[in-house]
Amino acid sequence: MISSVRLIPLLARRGRTADLRELADAGNTYAGLMALFTELGQVEEALDIIRAGGNDWHMHGRLSDRIVELLAVRGRTEEAITVAEARAAEGDEDAAAWVTRLRAVEGGA
C-alpha cells in the first residue's frame, strides 16, 4: 500500500481534489491543505514548501500560511479564517494573528 506521504502529492498533481477531501475528512490535515492548493492551482508551490523540509509542525504551518494568503487574496475570507482557526487551535500564534486580521477585514467589508 502506498503511504500518504507519497499518495497525497500524486493525487494533487492529478487534480483529484475529491479524493484529497475524502482523506481530509478522515482526519488527514495534509490532504486537506493539498486539496486547497489543488483547487487554487498551486500544487507545485505547495510541493516546493514540502521539499524545503522541516518537521511536520513547521511544514504544515508554512502550508497553512500560504493557503491563508492565497484564499485571502482571492476574497475567500471565510475559508481563510477556517484554515487559520484550525492551525491556531493547534497552538500556532502566527495563525491566531491571521484570524484576528482576517476578522477585522471581514468586519470592515
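Figured I'd write up the structure that's included with this text. Keep in mind that this is a model prediction, so the values were computed, not measured.

1. Observations concerning the overall build of the protein chain
Tallying secondary structure elements over the protein chain gives seven helices and zero strands in all. Listing every helix and strand of the protein chain by position from the N terminus yields α-α-α-α-α-α-α. Radius of gyration (C-alpha) of the protein chain: 14 Å, near the 13 Å computed for a compact globule of 109 residues. A principal-axis box enclosing the C-alpha atoms of the protein chain has dimensions of 50 × 25 × 25 Å. Sorting the 109 residues of the protein chain into buried and exposed places 39% on the buried side. When contacts within the protein chain are restricted to residue pairs at least 6 apart in sequence, those whose partners lie at least 24 apart make up 43%.

2. Some remarks on the nonpolar core
By size, the foremost hydrophobic cluster in this structure holds 29 residues, and its most contacted members are Leu20, Met34, Leu63 and Ile67. For this core, the elements supplying multiple residues, two or more each, are helix H1 (4–13), helix H3 (29–39), helix H4 (43–51), helix H5 (56–73), helix H6 (77–89) and helix H7 (93–108). Not counting residues up to four positions away in its chain, the partners in contact with Leu20 are Ile8, Leu11, Ala12, Ala31, Met34, Ala35 and Thr38.

3. A short note on the layout of surface pockets
Reported here for the largest pocket is a volume of approximately 360 Å³. Together, 17 residues line the largest pocket, and Thr29, Gly32, Leu33, Val83 and Ala86 are the ones closest to its centre. Breaking the lining of the largest pocket down by element, the ones donating at least two residues are helix H2 (17–25), H3, H5 and H6. Grouping the constituent residues of the lining of the largest pocket by class yields five nonpolar, seven polar and five charged.

4. What to know about H4
Residues of H4 that are buried include every one of Val43, Ala46, Leu47 and Ile49, and no others. The buried residues of H4 occupy an angular sector of 155° when the element is viewed end-on, so they sit on one face. The secondary structure elements touched by the buried residues of H4 are H1, H3 and H5.

5. Focus on H5
Here H5 contains 18 residues, and its C-alpha end-to-end distance of 26 Å stays within 8% of the 26 Å for a straight helix at 1.5 Å per residue. Those residues of H5 that sit buried are Met59, His60, Gly61, Leu63, Ser64, Ile67, Val68, Leu70 and Leu71. Gly75, located one to two residues past H5, shows a positive phi value of around 80°.

6. Let's talk about the pattern of salt bridges
Here the structure, examined in full by the defined rule, presents 13 salt bridges. Put simply, Arg76 and Glu39 hold a salt bridge, and the shortest N to O gap is 2.2 Å. Within this pair, whereas Arg76 is found in the loop between H5 and H6, its partner Glu39 is found in helix H3, the two being separated by 37 residues in sequence. On the basis of relative accessibility, which here comes to 37%, the residue Glu39 falls in the partly exposed class. Arg76 is the partner of Glu79 in a salt bridge, and the nearest nitrogen-oxygen pair spans 2.6 Å. Salt bridges here are not isolated pairs; linked through shared partners, they connect Arg13, Glu44, Asp48 and Arg51.

Cut-offs applied
- Residues numbered from 1 in each chain as written.
- Predicted model: local features only at pLDDT ≥ 70, side-chain atom pairs only at ≥ 80, totals over all residues.
- Heavy atoms only, no water.
- Helix = DSSP H or I, 4+ residues; strand = E, 2+ residues; numbered from the N terminus.
- Rg over C-alpha atoms; globule rule 2.2 N^0.38 Å.
- Buried < 20%, exposed > 50% of the residue type's maximum accessible area, 1.4 Å probe, protein only.
- Contact = heavy atoms within 4.5 Å.
- Core = buried A, V, L, I, M, F, W, Y, C linked by side-chain atoms within 4.5 Å.
- 1 Å grid on protein atoms, 1.4 Å probe; cavity = no way out; pocket = protein on both sides within 12 Å on 5 of 7 lines; lining within 4 Å.
- Points joined across faces, edges and corners; volume = space filled by probe spheres on them.
- Nonpolar A, V, L, I, M, F, W, Y, C, P; charged D, E, K, R; others polar.
- Arc of directions from axis to C-beta.
- Expected span 1.5 Å × (residues − 1).
- Salt bridge = Lys/Arg side-chain N within 4 Å of Asp/Glu carboxyl O.

The analysis is restricted to geometry; functional conclusions fall outside its scope.
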